Amino acid sequence: MFNRALGGAYHPGSVFKMVTATAALEEGAIGPDYEYNDPGAIVVNDYSYANWYFTQYGKTEGMIKLPRALARSTDTFFYKVGELTGPENIAKWAGIYGFGKKTGIDLPGEIDGLVPSPQWKKAVKGERWFLGNTYHMAIGQGDLTVTPLQGNLMTAAVVSGKLCKPGLVVGEEGRCEDLSLSEVGREMIVEGMVGACSEGGTAASFFDFPVRVACKTGTAQQGGEEDDPHAWVTAVVPAENSEGNRDDDYANGVVITVLLEASGEGSAEAGPVATQIARYIVEKGI
């Protein structure tokens with residue numbers, strides 16, 4: 001009887017890269033033309049921070065820009081972008097997107113989740129913040145925890161530019177705050193999400209889908225090395241146009257967020273579940 005959607009705290013993994021991307025663009029840490037040469041792994045003193053593509057296949061992405069980095073979920077890109085942006089700005093935009101606080105849904109049992117910062121770590125753990133903490137935060141790991149509901153609302157805010165209060169009782173839902181996101185930045189992130197659900201992206205279950213879904217997968221490490229990660233995917237099925245066909249109107253689409261606890265990779269486990277739900281939505285004309 002535990003409502004995980006609003007009462008469960010989970011590391012978001014790579015779905016959080018949309019927040020890091022927003023923070024980098026909105027704070028001017030990177031521009032639309034920023035490009036990064038993926039080395040496969042970044043070495044800091046005795047620590048190595050690798051990209052999944054390098055770890056699994058021994059390959060690198062080469063020169064890569066933000067949309068492609070989102071589509072491919074390139075960890076090294078976001079390590080560097082997180083370093084350029086800074087943990088304070090990442091935490092700031094996580095808060096703007098609704099993380100670290102209750103959504104206000106009209107159901108009991110909701111929790112805040114946790115958005116860490118250098119100040120929080122010093123006060124709570126009595127430790128200083130290291131570059132590795134920034135790297136982990138930038139890809140949705142470390143002390144960062146969110147609820148699936150928060151992840152869903154963040155996804156809706158990314159594509160629409162508005163953070164809305166969820167609700168089940170008529171009159172309690174729909175109150176939205178315009179986040180004043182730059183149009184260029186938002187379009188770049190949506191482009192990356194569409195790429196993630198397209199051939200060459202990380203969400204293989206959507207590659208042959210009849211409409212162009214925008215999504216982001218996440219594989220969030222938790223527990224020890226022997227524990228399977230949490231599998232995430234958050235996806236947007238575009239709205240129908242006047243002729244009844246799905247177009248590129250993601251801002252008014254349906255957002256699907258799937259979390260499978262300790263189940264494996266987001267692309268392999270959560271992706272197919274979200275695809276089945278999306279297929280139902282399209283077939284039923286929702």
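Residues numbered from 1 in each chain as written. Predicted model: local features only at pLDDT ≥ 70, side-chain atom pairs only at ≥ 80, totals over all residues. Heavy atoms only, no water.

Colleague: An account of the overall build of the chain is requested, with residue identities and associated values reported.
Modeller: The helix and strand tally for the chain stands at eleven helices and nine strands. Relative to the compact-globule value of 19 Å for 286 residues, the chain shows a C-alpha radius of gyration of 18 Å, a close match. C-alpha atoms of the chain, sized along the principal axes, occupy 55 × 40 × 40 Å. The buried share of the chain, reckoned over its 286 residues, is 50%. One way to put it: in the chain the 23 positive side-chain charges average out to a point 3 Å from where the 37 negative ones average out. (Helix = DSSP H or I, 4+ residues; strand = E, 2+ residues; numbered from the N terminus. Rg over C-alpha atoms; globule rule 2.2 N^0.38 Å. Buried < 20%, exposed > 50% of the residue type's maximum accessible area, 1.4 Å probe, protein only. Lys, Arg positive; Asp, Glu negative; His and termini not counted. Charge placed at Lys NZ, Arg CZ, Asp CG, Glu CD.)

Colleague: Which residues make up the layout of surface pockets, and what are the values?
Modeller: Estimates place the volume of the largest pocket at around 1100 Å³. As for the largest pocket, its lining consists of 39 residues, of which Trp-52, Asp-75, Ile-139, Thr-219 and Gln-221 are closest to the centre. Only strand 3 (47–50), helix 3 (52–57), helix 5 (75–85), helix 8 (131–138), strand 7 (214–220) and helix 11 (266–284) provide two or more residues apiece to the lining of the largest pocket. Here the residues of the lining of the largest pocket are counted per class, giving 13 nonpolar, 23 polar and three charged. (1 Å grid on protein atoms, 1.4 Å probe; cavity = no way out; pocket = protein on both sides within 12 Å on 5 of 7 lines; lining within 4 Å. Points joined across faces, edges and corners; volume = space filled by probe spheres on them. Nonpolar A, V, L, I, M, F, W, Y, C, P; charged D, E, K, R; others polar.)

Colleague: Go over the packing of helix 9 (residues 148–160) against helix 10 (residues 183–196), please, and point to the residues and values.
Modeller: The relative placement of two packed helices comes down to the angle between their axes together with the axis-to-axis distance. It is the contact of helix 9 with helix 10, at a shortest axis distance of 8 Å, that shows an interaxial angle of 120 degrees. For the element pair helix 9 / helix 10, the angle class is oblique. Seen from helix 9, the contacting residues are Thr-155, Val-158, Val-159 and Ser-160; seen from helix 10, they are Arg-186, Ile-189, Val-190 and Met-193. Among the residues forming the contact of helix 9 with helix 10, the class breakdown is five nonpolar, two polar and one charged. (Axes fitted to C-alpha atoms, helices over the stretch in contact; angles between N-to-C directions. Parallel < 35°, antiparallel > 145°, perpendicular 65-115°, else oblique. Contact = heavy atoms within 4.5 Å.)

Colleague: Residue-level account of the sheet that holds strand 8 (residues 230–237), with values.
Modeller: The sheet built from three strands is open, its strands ordered 7-8-9 with antiparallel pairing. Each end of this open sheet is capped by a strand with a single partner; those strands are strand 7 and strand 9 (254–260). Strand-to-strand twist of the sheet, defined as the mean angle between neighbouring strand axes without regard to direction, takes the value 10 degrees. As paired elements, strand 7 and strand 8 share seven bridges and run antiparallel to each other. The partner of Lys-216 across the bridge, within strand 8, is Thr-234. Sheet contacts for helix 9: strand 8 and strand 9; angle to strand 9, the most-contacted strand, approximately 145 degrees. (Pairing = 2+ DSSP bridges.)

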